[in-house]
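For reference, the chains in residue letters:
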Amino acid sequence: MPIEQISACKFCGKKDFLLFLAKERMLQLPGEFTYSECQSCFSLQLINIPDNLSDYYPLDSYYSQVTLVESSYLKNHLKALRLKLFLKSQWNILRPSYGYWLKKINPKLNDQIADIGCGNGQLLYELYASGYRNLQGFDPFIPKTKQLNSSLTLWKKSFDDSEGHFDLIMMHHAFEHLNDPRDILKLCFEKLNPGGRLLVRTPVTDAEVWKEKRELWVQLDAPRHLIIPSIKGFTTLASEIGLQLEEVEFDSSAFQFWGTALYEQGQPLNQALVKTLFGPKELKEMNKKALRYNQEGKGDQACFYLVKPIKS
Ligand SMILES: [Zn+2]
């Protein structure tokens, strides 16, 4: 494609690119994909989005398509109790896996909460089990719309077609699968109540792993990831739309190291291989390194905490 036909950076609007090629590595499907790296904000975008993009999301192997697991009435009570204690205390032992961002946002139990790209809805279900009562998931790729109970509906539709307004909108590793970051952030802005919060968790190109390993980086995930922002690119765009950034928190894990190492060795993303290739000591070191990278602002994914300001 001639360089003048490549659209401007979707984050900062500049038109100074470095192009590179990437392969599909998770399942080792054929094809070559061209990405541009903005030389101003260092965000990435996929230039040639395949027409058959859905073929790269096979139902049986893509992680968000596994079946939702519901827990018992008693277990749900225990989950609600655990969350209540965790939110009110410093007891990290009680922390559920989603605890760090939930504690920061601290929504009320009757807040209207939306999850964009909810997949099987497991996260919303855990929030329901913990006592949240107005939960909606949106995902055009789920088999069908499903109302689990009076508190939780999973819609087979895109967020554009949602009704009403929300106090909290979340995107957990869904943002990078979308084509237009401006459209989605604008839509979130419109759909938030004043003072409402937006949480976006996504890979970021500030990652040391990206800088070192380039197209072998596991979270490049060609061609499913259509955009990957840098902190600078994301915050520039969000503030243009009127969203106020409260905090950026890095939350990368050992996955960035072992996933990238699998690709370096020419392997697909097969979790069963991890324990045969890396010893417990090595995996422990990777966990420690991920924590250090997060503190130093060079982990490979981050949480953006944003708010729609209340106009005076
Ligand atoms: Zn840019």
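Up top is the structure.
Note that the structure is a prediction, hence the values are computed from the model and not measured.

A. Examining the overall build of the protein more closely. Along its length, the protein carries nine helices and 12 strands. Compactness check: the protein gives a C-alpha radius of gyration of 20 Å against a globular reference of 20 Å for 312 residues, within 12% of the reference. Principal-axis analysis of the C-alpha atoms places the extent of the protein at approximately 55 × 50 × 40 Å. Out of the 312 residues in the protein, the part that is buried amounts to 52%.

B. Representation of the packing of helix α7 (residues 255–264) against helix α9 (residues 280–295) in the model. Relative orientation of the contacting elements α7 and α9 amounts to 120°, with a least axis distance of 8 Å. When the interaxial angle is binned, α7 and α9 end up oblique. Touching Gln256, Phe257 and Trp258 of α7 are Leu283, Met286, Lys289, Ala290 and Tyr293, all from α9. When the residues that make up the contact of α7 with α9 are grouped by side-chain class, the tally is six nonpolar, one polar and one charged.

C. Representation of the coordination of the zinc ion within the structure. Within the protein, the zinc ion binds to Cys9 (SG), Cys12 (SG), Cys38 (SG) and Cys41 (SG); these donor distances fall in the range 2.3 to 2.4 Å. Classification of the site at the zinc ion as tetrahedral follows from its four donor atoms and the range of 101 to 115° in their angles at the metal. Between consecutive donors of the zinc ion, the numbers of intervening residues give the motif C-x2-C-x25-C-x2-C. Of the two residues, Cys9 is situated in the segment before β1 (17–23) and Cys41 in the loop between β2 (32–38) and β3 (44–46); the sequence distance between them amounts to 32 residues. For the residue pair Cys9 and Cys41, the accessibility class agrees, reading buried in each case.

D. Structural view of empty space enclosed by the protein. In this structure the tally under the stated criterion is one cavity of 30 Å³ or more. Of the pockets and cavities examined, the largest cavity occupies roughly 60 Å³. Along the walls of the largest cavity sit Lys23, Arg25, Met26, Glu215, Trp217, Leu220, Asp221, Ala222 and Tyr263, which together make up its complete lining. Residue composition of the lining of the largest cavity, grouped by class: five nonpolar, no polar and four charged.

Cut-offs applied
Residues numbered from 1 in each chain as written. Predicted model: local features only at pLDDT ≥ 70, side-chain atom pairs only at ≥ 80, totals over all residues. Heavy atoms only, no water. Helix = DSSP H or I, 4+ residues; strand = E, 2+ residues; numbered from the N terminus. Rg over C-alpha atoms; globule rule 2.2 N^0.38 Å. Buried < 20%, exposed > 50% of the residue type's maximum accessible area, 1.4 Å probe, protein only. Axes fitted to C-alpha atoms, helices over the stretch in contact; angles between N-to-C directions. Parallel < 35°, antiparallel > 145°, perpendicular 65-115°, else oblique. Contact = heavy atoms within 4.5 Å. Nonpolar A, V, L, I, M, F, W, Y, C, P; charged D, E, K, R; others polar. Donors = N, O, S within 2.8 Å, 3.2 Å for Na, K, Ca; no water. Tetrahedral: all angles 85-135°; square planar, octahedral: opposite > 155°, others 65-115°. 1 Å grid on protein atoms, 1.4 Å probe; cavity = no way out; pocket = protein on both sides within 12 Å on 5 of 7 lines; lining within 4 Å. Points joined across faces, edges and corners; volume = space filled by probe spheres on them.

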